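Reading the structure
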Amino acid sequence: GLGAVEEEVSAEVIIEGLIRPLRARADAIVTDPSGVKTGIEFKWMFGKGGKDLITYGAKPSWVMQSQLTMHAFGLKNWSVVAIDFPSMYRAQFDLAYDPVMVSAMIGRMKLLEKALDQKIVPMRDFDKDKDWMCKYAFKAKKGESEESRKWTYCPYYNKCWEGA
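1. Some remarks on the sheet that holds strand S5 (residues 90-96)
In any sheet, the strands associate via hydrogen bonds between backbone groups, in a parallel or an antiparallel arrangement. With respect to topology, five strands assemble into an open sheet ordered S1-S2-S3-S4-S5, the strand pairing being mixed. Each of the sheet's edge strands pairs with one partner strand only, and the pair in question is strand S1 (5-13) and S5. Pairs of neighbouring strands in the sheet enclose a mean axial angle of 35°, with direction left out of account. When strand S3 (residues 37-46) meets strand S4 (residues 77-85), the two strands line up parallel, connected through nine bridges. Bridging from a neighbouring strand, Ile40 pairs with Ser79 of S4. Relative to strand S2 (residues 22-31), helix H2 (residues 60-73) is tilted by about 85°, and along the sheet it contacts S1, S2, S3, S4 and S5.

2. Focus: the environment of Gly35
Tracing the backbone through its elements, the reader meets Gly35 in the loop between S2 and S3. Exposure remark for Gly35: the relative accessible area of 45% places this residue in the partly exposed category. When the C-alpha positions of Gly35 and Ala4 are compared, they lie 9.1 Å apart, and in sequence the two are 31 residues distant.

3. Overview of the nonpolar core
Membership of the largest hydrophobic core comes to 27 residues, with the highest contact counts inside it found for Leu53, Trp62, Phe73, Trp78 and Phe93. Among the elements that line this core, the one with the most residues is H2, at six residues. Residues within four places of Trp62 in sequence aside, it is in contact with Lys43, Met45, Leu53, Val80, Ala82 and Phe93. Among the nonpolar cores identified, the runner-up in size contains five residues, and Ala28, Val30, Ile40 and Ile83 belong to it.

4. Here we look at helix H3 (residues 99-117)
Helical geometry note: an α-helix holds 3.6 residues per turn, so side chains three or four residues apart project in the same direction. Over its 19 residues, H3 extends 27 Å from the first C-alpha to the last, a length consistent with the 27 Å expected when each residue adds 1.5 Å. The complete set of buried residues in H3 reads Val102, Met105, Ile106, Arg108, Glu113 and Ala115. Its buried side turned inward, H3 meets H2. Residue Lys119 follows H3 closely and has a positive phi angle near 55°.

Thresholds applied
Throughout, residues of each chain are indexed from 1 in the direction in which the sequence is written. Only residues with pLDDT of at least 70 are given local features in this predicted model, and only at 80 or more are side-chain atom pairs given and counted; all residues enter the totals for whole chains, interfaces and linings. The side-chain numbers reported here are obtained from all heavy atoms of the structure, hydrogens and water having been left aside. Two strands pair if DSSP finds at least two bridges between them. The helix and strand labels rest on DSSP assignments: H or I over at least four residues marks a helix, E over at least two residues marks a strand, and numbering proceeds from the N terminus. Lines fitted to C-alpha atoms define the axes here, with helix axes fitted over just the stretch in contact, and angles between the N-to-C directions of these axes take values from 0 to 180 degrees. Between two residues, a contact is recorded if the distance between any of their heavy atoms is within 4.5 Å. Each residue's exposure class comes from its accessible area (1.4 Å probe, protein chains only) as a fraction of the maximum for that residue type: buried when under 20%, exposed when over 50%, partly exposed otherwise. Nine residue types can take part in a nonpolar core, namely buried Ala, Val, Leu, Ile, Met, Phe, Trp, Tyr and Cys, and a core is a set of them joined through side-chain atoms within 4.5 Å. The span one expects for a helix is its residue count, reduced by one, times 1.5 Å.

See below:
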């Protein structure tokens, strides 16, 4: 049986070397009868998500978010439960805390914070043709070329990829 269940839990952690705190949220934290805690995050997908979940598994952004959230809460176990609408296909991805991945992400956060504070474009560390955020997060108009598209979330997109 289940032990305790906490819902909609938030945390804020100060990380040495970062000015801004790491803020995290879990949909639930479940404690089993032996005292082991597992965080749970629900992800809702719309459309072809069921097929994508079967083909590709957990999105890399989900894994990274989960790792940072486990770090913030001090957890070693995490489950991402993805549900696709309208098919209601459900997939569960169980993750273990990865201190090497978390250390690399915190290092990257420190570089980003420094660049933002200095008002410079941070060094990119991904491939725009492979990284989902650069590949799909555009608001393009019909007939617009990739070069002329405006980055939806980042005002530095065109400068970041200048000369690449």
